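# Results of the structural survey
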Amino acid sequence: MKEKSPENRSPVPLLYRRHSSGDIMNNLASVSSSLLPAFGTVVGGDSPPLRDYVIAPYDRRYRWWQAFLVVLVIYSAWSSPFELAFKKVATGSLLYVDLVVDFFFVVDIFLTFFVAYLDKSTYLLVDDHQKIATRYVTHMMFPMDVASTLPFQAIYRLFTGKLHRGEVFGFLNLLRLWRLRRVSELFSRLEKDTRFSYFGTRTLKLICVTLFAVHSAACFYYWIATHHEQSDDTWIGSIIHNFEDRSIWLGYTYSMYWSIVTLTTVGYGDLHAVNTGEKVFNIFYMLFNIGLTSYLIGNMTNLIVHSAVRTFAMRDAINEILRYASKNRLPEGLKEQMLAHMQLKFKTAELQQEEVLDDLPKAIRSSISQHLFRKTVEKTYLFKGISDDLSRQLVTDLKAEYFPPKVEVILQNEIPTDFYIVVSGTMEVLTHKNGMEQFLIKLGPMDMFGEIGVLFNIPQPFTIRSKKLSQVVRISHHRFKQLVEPLDDDGKTIMSNFTQYLKDLKKEMQDEMPFLSELLLDLNIEQTRSVNQSENREASNYGRDDREGTPTSVLSNTFPLRVVIHGHHPHEKTIDGKRTGKLVHLPDSIEDLLNLAEKKFGKRGTTVLMADASQVEDLNALRENDHVFIS
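Report on the accompanying structure. Being a predicted model, the structure only gives us computed values, none of them experimental. (Residues numbered from 1 in each chain as written. Predicted model: local features only at pLDDT ≥ 70, side-chain atom pairs only at ≥ 80, totals over all residues. Heavy atoms only, no water.)

Another aspect to go through is the overall build of the protein chain. A tally of helices and strands in the protein chain yields 25 helices and 15 strands. Relative to its full complement of 631 residues, the protein chain shows a buried share of 45%. Pairs at least 24 apart in sequence give 72% of the contacts found in the protein chain among residues at least 6 apart. Looking at the protein chain as shown, the accessible area adds up to about 33,300 Å², and 58% of this sits on carbon and sulfur atoms. (Helix = DSSP H or I, 4+ residues; strand = E, 2+ residues; numbered from the N terminus. Buried < 20%, exposed > 50% of the residue type's maximum accessible area, 1.4 Å probe, protein only. Contact = heavy atoms within 4.5 Å. Areas by Shrake-Rupley, 256 points an atom, 1.4 Å probe, with all protein chains shown as cover.)

Right under this line is the structure:
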């Protein structure tokens, strides 16, 4: 079998499995996940899978296994103190149940040797078997997992052939309480998951903590009574004679009653400490109750008044969105996009990208960008073959963003301001006809979108929508032209790449751009003119000092101003009553503009006018997207 060479895998494909297209709750779940792809990580459908026999930690099936173990942990938290107090059940009915539960945790220890882990320094999944095993064995978690799973009573019985009814095994069973860390981790995830009520999750956690404290205290208090020399000289023996021979559940009921009454009040006096040992235990238990009560009151106050600052702010923003959407009767799909975007905004804020980068010198910020995005830019079709200098400057000016699933990043016919490179995730290219949405192609890592509108300076021809949780980098239209204008060779390379890309577009996309053939024709004319001007300039400047003239920018030749020309007088009404025109590149002279208009409309004009009928005498006075009338 072919060896997978990379040891670190991007975690993003695991997120993809957490939602389906069209399921609102699953889309929100992908945003609420505790894992986000690191900026600059190249991921997607073509990213290498994990090695053989390696389990993804955020795989749905492994999540369900962990949830199942939490149920068993709850049982262990109840049974461990209970079996210490009531030895009959420890060697009787619950013995076999404990063996079954321990078996599942033995399986989990075995599985842990095959679960990839997240490297906190690189934020990448490590799937090397040796590294996974070394990390687990050398961590404190491994010996504690083993110690809390070994069935000491069953092992003793296997070697001696008899049951040991001493106290040592009861205390060894308390090692199972180590498993409670799983419950804590579960609540930490649920508190950040927007599908669940934060108030409800925190309240449930406080209830569980209280019940566990009450249950444990009740069991220990009963254990103290059973180990006193005179059973009548105990808190329960003074009321129920021979209580050890009575029902187990009778003793447990009395113990729970005492524990709850003592926790919530100072006690009613009906069950009270009799001997010295019980009084000492009561002292420490009531001191513990002071701390527990303070903890409960403090948390409830925090939940009701303040909550967690960031979570409260997020919930408040989400509630505002819901009220706004309800008040304005927004469609369900649009409301979903608003919610997902707001959740992702707060989620990515935890990464503190802006806060961290803003405090760093420009040189360090540039180095960070080079490390994260240099390879992404160089592998994008538009920038293949460009100089290192331009590549370095482009990468420095990139802005990185996350987009949740099912969000329109670019709308058809909107004015272009930026174009984007997909770093991770998937984008859909769509077009709208007669109110119907039509899917064209799918974009993945290293693909670009929005560049057609930017480079041609025309309204965006397509709608671009995120299909999955996606990471993109964007380049400003204005900044891009500033960087490329002084670089003739790079401008030619970019335009060559762009022209070839347009020619290789699928037919269904070309059909959606009826202006493409004319723009390509004009583009070829401008590129030819640029080459000729460059050659003439080199010939005329032969032997001169380079300071005598400034070379004409290839970008200004390649991307001249675009104007809309009309073949009639501005005050003349057309047949259909609409002012239709043709988008063209502005030539170098009025004579060339008249010739171009004759070619487009089939008739010769003599005057160039603006929309208010003012005559144009100098083409330098025109701006982008001006309407020009030839009459």
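Looking now at the sheet that holds strand β11 (residues 470-476). Taking strand neighbours across the sheet as the criterion, the 4 strands line up as β4-β11-β6-β9 in an open arrangement whose pairing is antiparallel. Of all strands in the sheet, those with a lone pairing partner are β4 (399-403) and β9 (448-449), marking the two edges. Strand direction decides the pairing type here: strand β6 (residues 418-424) and β11, joined by 6 bridges, are antiparallel. Across the sheet, the residue bridging to valine 422 is valine 472, located in β11. (Pairing = 2+ DSSP bridges.)

In terms of nonpolar packing, the biggest core is built from 46 residues, with Leu382, Phe383, Phe449, Phe480 and Phe498 touching the most fellow members. Considering each element in turn, this core owes the most residues, 5 residues, to β6. Setting aside anything within four residues of it in sequence, one finds phenylalanine 383 in contact with Val377, Glu378, Leu394, Phe419, Ile421, Met448, Ile475, Phe480, Ile494 and Asn497. If you look at the next biggest cluster of nonpolar residues, it comprises 44 residues, including Leu94, Val101, Phe187 and Ile224. (Core = buried A, V, L, I, M, F, W, Y, C linked by side-chain atoms within 4.5 Å.)

A separate point is the pattern of salt bridges. Working definition: two side chains of opposite charge can pair if their charged atoms are close together. Counting across every chain of the model gives 21 salt bridges. With its nearest N and O atoms 3.3 Å apart, the salt bridge here joins arginine 61 to aspartate 59. Classification of arginine 61 by relative accessible area gives exposed; the value is 68%. For glutamate 378, the salt bridge identified is with arginine 374, shortest N-O distance 2.8 Å. (Salt bridge = Lys/Arg side-chain N within 4 Å of Asp/Glu carboxyl O.)

Another aspect to go through is empty space enclosed by the protein. Across all of its chains, the model carries 4 cavities of 30 Å³ or more by this definition. The calculated volume of the largest cavity comes to roughly 130 Å³. Lining the largest cavity are 16 residues, and of these Phe449, Gly450, Ile452, Phe462 and Ile464 sit closest to its centre. Elements supplying a minimum of two residues to the lining of the largest cavity: β8 (436-443), β9 and α19 (451-456). Across the lining of the largest cavity, the residue classes tally to 12 nonpolar, 3 polar and 1 charged. (1 Å grid on protein atoms, 1.4 Å probe; cavity = no way out; pocket = protein on both sides within 12 Å on 5 of 7 lines; lining within 4 Å. Points joined across faces, edges and corners; volume = space filled by probe spheres on them. Nonpolar A, V, L, I, M, F, W, Y, C, P; charged D, E, K, R; others polar.)

The phi torsion at tyrosine 53 lies on the positive side, around 60°, for a residue other than glycine. Within the element layout of this structure, tyrosine 53 appears in the loop between α2 (24-32) and α3 (60-85). With relative accessibility at 71%, the residue tyrosine 53 sits in the exposed group. Even without a glycine there, the phi angle at alanine 613 is positive, about 75°. As for its placement among the helices and strands, alanine 613 is situated in the loop between β14 (608-609) and β15 (627-630).

The next thing to look at is the pairing of strand β12 (residues 562-566). In terms of burial, β12 is largely enclosed, as 5 of its 5 residues are buried. What you see with β12 is no split at all: Arg562, Val564 and His566 on one side and Val563 and Ile565 on the other are buried throughout. Here β12 pairs with strand β13 (residues 582-585) via 4 bridges, running antiparallel. From the neighbouring strand, valine 563 faces β13, where its bridge partner is valine 584. Pairing between β12 and β15: 3 bridges, direction parallel.

What follows deals with the pairing of β11. Taking burial as the measure, the 7 residues of β11 include 5 buried ones, the bulk of the element. The pairing of β4 with β11 spans 5 bridges and is classified as antiparallel. Bridge assignment links lysine 399 to a residue of β11, and that residue is arginine 474.

What follows covers the sheet that holds β14. Sheet architecture is open: 4 strands sit in the order β13-β12-β15-β14, paired in mixed fashion. In this open sheet, the two edge strands, each paired with only one partner strand, are β13 and β14.

Residue placement: lysine 205 occurs in helix α11 (residues 198-226). Each residue touching lysine 205, except ones within four places of it in the same chain, is listed here: Phe187, Glu191 and Tyr295.

What follows covers helix α5 (residues 93-112). Under the 1.5 Å per step criterion, the end-to-end length of α5 is 30 Å for 20 residues, consistent within 8% with the ideal 28 Å. Listed as buried for α5 are Leu94, Leu95, Asp98, Val101, Asp102, Phe105, Asp108, Ile109 and Thr112. Buried residues of α5, seen end-on, are gathered within an arc of 130° and therefore sit on one face of the element. Exposed and facing more than 90 degrees away from the buried side of α5 are Tyr96, Phe103 and Phe110. (Expected span 1.5 Å × (residues − 1). Arc of directions from axis to C-beta.)

Within the fold, phenylalanine 439 resides in strand β8. For the pair phenylalanine 439 and glutamate 428, spaced 11 residues apart in sequence, the C-alpha separation works out to 7.2 Å. Sequence-distant contacts of phenylalanine 439, defined by excluding residues within four places in its chain, comprise Glu428, Val429 and Leu430.

Let us now look at the side chain of asparagine 275. Turning to its location among the elements, asparagine 275 is positioned in the loop between α12 (248-264) and α13 (276-306). On the basis of relative accessible area, asparagine 275 is assigned to the buried category, the value being 7%. In terms of polar contacts, asparagine 275 uses its side chain to reach the backbone amide nitrogen of glycine 277, at 3.2 Å. Separated by 2.9 Å, the side chain of asparagine 275 and the backbone nitrogen of glutamate 278 make a polar contact. Discounting residues that sit within four places of it in the chain, asparagine 275 has contacts with His228, Asp233 and Thr234. (Polar contact = N/O pair within 3.5 Å; in protein donor to acceptor, adjacent residues only side chain to side chain.)

It is worth spelling out a nonpolar patch on the surface at this point. On the surface, Val280, Ile283, Phe284, Leu287 and Ile290 cluster together to form a nonpolar patch covering roughly 510 Å² of accessible area. If you trace the backbone, valine 280 turns up in helix α13. In this structure valine 280 comes out as partly exposed when scored by relative accessible area, which is 38%. (Patch = residues over 30% accessible without salt bridge, like charges linked within 9 Å, V, L, I, M, F, W, Y side chains within 5 Å.)

With respect to the secondary-structure elements, serine 366 resides in helix α17 (residues 362-378). Residue classification places serine 366 among the buried positions, given a relative accessible area of 17%. Distance from serine 366 to glutamine 393, taken between C-alpha atoms, is 8.7 Å for residues 27 residues apart in sequence.

Here we come to the packing of α3 against α11. Closest axis-to-axis distance for the α3/α11 pair is 8 Å, and the angle between their directions is 15°. Taken together, the axes of α3 and α11 lie roughly parallel to each other. Where α3 crosses over α11, the two elements pack in a sense that is left-handed. Along the contact surface, α3 presents Ala77, Trp78, Pro81, Phe82, Leu84 and Ala85, while α11 presents Phe212, His215, Ser216, Cys219, Phe220, Tyr222 and Trp223. Partitioned by chemical class, the residues of the contact of α3 with α11 number 11 nonpolar, 2 polar and no charged. (Axes fitted to C-alpha atoms, helices over the stretch in contact; angles between N-to-C directions. Parallel < 35°, antiparallel > 145°, perpendicular 65-115°, else oblique. Left-handed = near helix turned anticlockwise from the far one by under 90°.)

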